[in-house]
Amino acid sequence: MTGRPTITQLAAELGIAPSTVSRAFTRPNLLKPETVALVQKAAEAAGYVPNHHARALSTGRAGAIGLIVPDIANPFFPPLVRAAQNYASDLGLSVFLADTDEDPNREDRLISRMAPQVEGLIVVSSRLASSRIRQIADSQRVAFINRDVPETYRVLLDTAAAIRSALTHLSELGHRHIAYVGGPPQSWANKQRRSAVDNFSTGHALEVTHFSAEPGTYEAAKALSDSVAASGVTAVIAFDDVIAHGLMGGFAAAGVDVPKDMSVIGCDDTLATTTFPALSTIAVNVGAAARRAVAALSENAGSTSLTGARIIFEGSLVLRGTTGPVRPASSPLTLEPELDHPSARGVQTGRGSDS
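Keep in mind that this is a model prediction, so the values were computed, not measured. (Residues numbered from 1 in each chain as written. Predicted model: local features only at pLDDT ≥ 70, side-chain atom pairs only at ≥ 80, totals over all residues. Heavy atoms only, no water.)

**Here we look at the overall build of the protein chain**
Part 1: Across its full length, the protein chain carries 12 helices and 12 strands.
Part 2: Across the 355 residues that make up the protein chain, the buried fraction comes to 51%.
Part 3: Considering only intrachain contacts with a sequence separation of at least 6, the fraction spanning at least 24 residues in the protein chain is 73%.
Part 4: A total of about 15,300 Å² of accessible surface is found on the protein chain, and carbon and sulfur atoms cover 50% of it. (Helix = DSSP H or I, 4+ residues; strand = E, 2+ residues; numbered from the N terminus. Buried < 20%, exposed > 50% of the residue type's maximum accessible area, 1.4 Å probe, protein only. Contact = heavy atoms within 4.5 Å. Areas by Shrake-Rupley, 256 points an atom, 1.4 Å probe, with all protein chains shown as cover.)

Structural data, given as C-alpha cells:
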C-alpha cells in the first residue's frame, strides 16, 4: 500500500467491506472484538488514520457526543466527565463539554445548538421542566443522568437505601434529633435525599430539622453552621460533601467538635478524604453512570431518539471519622466566637455537588 492509505484500500487488503473498517473505529461495539483488533492492527501497520473531519463534513456531525453539566467547578462532575471521555475514546468518539452555570435557559439553548453537531447528548442534573425534557427526548438522542422523567432514557445514582443505612447508623449511636442540610432546590438528587430522610424518620422516632444551604456552596454551608449547631441537633446529613465540608469549617471555627459534639455524614464521596477528620459519606459510582450513558448513545446509532429506560446505580454508606455517639445530655453544646481554626482554612470552595 503506497501513499496515505484509504479506508477502501485497507478494506481490500483485509478482504472485508469498507463499512466494517469504518465501524471498527466509529462503532466497535457492533463488531466482534477479534474483528476490531484485526482492523486496528492492520491500520496501525499501514499508517491509516480515520478522517473524522471528512466524516463531519459529509454527515454534519463531528464523531462526538455532547456532555452538558450544571457546574464544571463542582467536584462531583470532573470524575464523571473523565469517565465519559475515556469510554467515548474507546468507541472512537470525542466529547464536547458544556457548562450551564445552573441556568435552565442556557441549558435549553446549549441542547438546541449542540444536538445537530453530535451523535447524541448526555445531560447531567438537568434544570429543565419535566415537560421540556420529554419534548427534547422525543426528538433528540439524549441520555439524562440524575433526572428521573418517565419515558426518557435516564441513569440514576440512587442514594435512598444508603441514606437509610446512614440514619440507622446514627440512631444506633443514640442520635434522635438530626438535621438534613439541602443543596440546590431544583436538584432531583436533593429532593430524593430529603425524601429518604423524611420517610425513614417517620417510622423510627427521629426528629428531623431541615436547612437549605442554597446555592450549595462551601461558603453558604459555613454561614449556616451556627444555625445548625444552635438548633439542638446532634447529627447532620448533608446533601453532598461540599456542604458537609462547609459545615465542618463553621463548626471548627465555633469550637464545635466533630464527631464529639456533632456527627456529620456527606454524600457523593468527592471530598471525604480531604477533611479532618475524614468524612463519613455516601459513595456513588459516577463512572458507571457516565459509561452507561455513553454506551446507550453508541448502541443506538442511527436512531432519532433513545427508547425510554430507567437505569439505577445504588450508593453505599462509607463510614470514616465524623460520626460518633451522641454527646451526653449533661454536656450541652455551646458555641464560641469564630476562631482562625486551622481545620477551617484551606478547604474546597465552589458549588456543592449536584448529582
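**Quick look at helix α10 (residues 218-230)**
Helical periodicity: at 3.6 residues per turn, an α-helix aligns residues three or four positions apart in one direction.
Part 1: The end-to-end C-alpha distance of α10 is 19 Å, a good match for the 18 Å that 13 residues give at a rise of 1.5 Å each.
Part 2: Helix geometry: α10 is bent most strongly at Leu-224, by close to 40°.
Part 3: What α10 keeps buried is the set Tyr-218, Ala-220, Ala-221, Leu-224, Ser-225, Val-228 and Ala-229.
Part 4: Along its buried surface, α10 packs onto β6 (177-182), β7 (207-212), β8 (235-238) and α11 (241-253).
Part 5: Backbone geometry just downstream of α10 places Gly-232 in the positive-phi region, at approximately 95°. (Expected span 1.5 Å × (residues − 1). Bend = angle between axes of the 7 residues up to and from the residue.)

**A look at the packing of aromatic side chains**
Part 1: This structure, assessed with the given rule, holds one aromatic pair.
Part 2: Between Phe-76 and Phe-77, the ring centres sit 5.1 Å apart and the planes meet at 90°, which makes this aromatic pair edge-to-face.
Part 3: According to the relative accessible area criterion, Phe-76 is buried, its value standing at 1%.
Part 4: On the basis of relative accessible area, Phe-77 is assigned to the buried category, the value being 0%. (Phe/Tyr/Trp six-rings, centres within 6.5 Å; stacked < 30°, edge-to-face > 60°.)

**Let's talk about the packing of helix α5 (residues 77-90) against helix α12 (residues 286-299)**
Part 1: Viewed as axis vectors pointing N to C, α5 and α12 meet at an angle of 40°, and their least axial separation amounts to 8 Å. If you check the angle between α5 and α12, you find them oblique. Considering the relative orientation of α5 and α12, their crossing is right-handed. Contact with α5, carried on its side by Pro-79, Leu-80, Ala-83, Ala-84, Tyr-87 and Ala-88, involves Val-286, Gly-287, Ala-290, Arg-291, Val-294 and Ala-295 of α12 and no other residues of that element. (Axes fitted to C-alpha atoms, helices over the stretch in contact; angles between N-to-C directions. Parallel < 35°, antiparallel > 145°, perpendicular 65-115°, else oblique. Left-handed = near helix turned anticlockwise from the far one by under 90°.)

**Some details on the side chain of Thr-281**
Part 1: For Thr-281, the position within the fold is in strand β10 (residues 281-283).
Part 2: What makes Thr-281 buried here is its relative accessible area of 0%.
Part 3: Among the polar contacts made by the side chain of Thr-281, one reaches the side chain of Asp-241 at a distance of 2.7 Å.
Part 4: A distance of 3.3 Å separates the side chain of Thr-281 from the backbone oxygen of Gly-266, its partner in a polar contact.
Part 5: Setting aside residues up to four positions removed in sequence, Thr-281 forms contacts with Asp-241, Ile-265, Gly-266, Cys-267, Asp-268, Asp-269, Ala-272, Ser-316, Leu-317, Val-318 and Arg-320. (Polar contact = N/O pair within 3.5 Å; in protein donor to acceptor, adjacent residues only side chain to side chain.)

**Some words on the nonpolar core**
Part 1: In this structure, Val-181, Val-228, Leu-247, Phe-251 and Met-262 are the most contacted members of the largest nonpolar core, which totals 44 residues.
Part 2: Per element, the largest residue contribution to this core is six residues, and it comes from helix α8 (residues 160-172).
Part 3: If near-sequence neighbours (up to four positions away) are discounted, Phe-251 is found in contact with Ser-225, Val-228, Ala-229, Val-236, Val-256, Val-258, Met-262 and Val-264.
Part 4: With 29 residues, the next largest nonpolar core counts Ala-143, Tyr-153, Ala-293 and Ala-296 among its residues. (Core = buried A, V, L, I, M, F, W, Y, C linked by side-chain atoms within 4.5 Å.)

**Thoughts on the pairing of strand β4 (residues 142-145)**
Consecutive side chains along a regular strand alternate between the two faces of the sheet.
Part 1: Both faces of β4 are covered, namely the face carrying Val-142 and Phe-144 and the face carrying Ala-143 and Ile-145.
Part 2: You can see the chain leave strand β3 (residues 121-124), run along helix α7 (residues 130-139) and come back into β4, and the turn it takes is right-handed.
Part 3: Sheet topology places β4 next to strand β5 (residues 153-158); three bridges connect them, and they run parallel. Looking at β5, one finds that Ile-145 is bridged to Val-155. (Right-handed = clockwise from strand over helix to strand, strands pointing away. Pairing = 2+ DSSP bridges.)

**Considerations on the pairing of β3**
Part 1: Neither face of β3 is exposed, since Leu-121 and Val-123 on one face and Ile-122 and Val-124 on the opposite face are all buried.
Part 2: When strand β1 (residues 64-69) meets β3, the two strands line up parallel, connected through three bridges. Within β3, the residue paired with Ile-68 across the bridge is Val-123.

**Quick word on the sheet that holds strand β2 (residues 94-99)**
Part 1: Taken together, the six strands give an open sheet; going across it, the order is β2-β1-β3-β4-β5-β11, and neighbouring strands pair in parallel fashion. The strands lining the two open edges of the sheet, one partner per strand, are β2 and β11 (309-314). In this sheet, neighbouring strand axes are inclined to one another by 20° on average, regardless of whether the strands run parallel or antiparallel.
Part 2: Two strands pair when backbone bridges link them, and β5 and β11 are joined in this way by six bridges, in the parallel orientation. Residue pairing in the sheet places Asp-158 in a bridge with Glu-314 of β11.
Part 3: α12 contacts β1, β3, β4, β5 and β11 of the sheet and is inclined by roughly 170° relative to β5.

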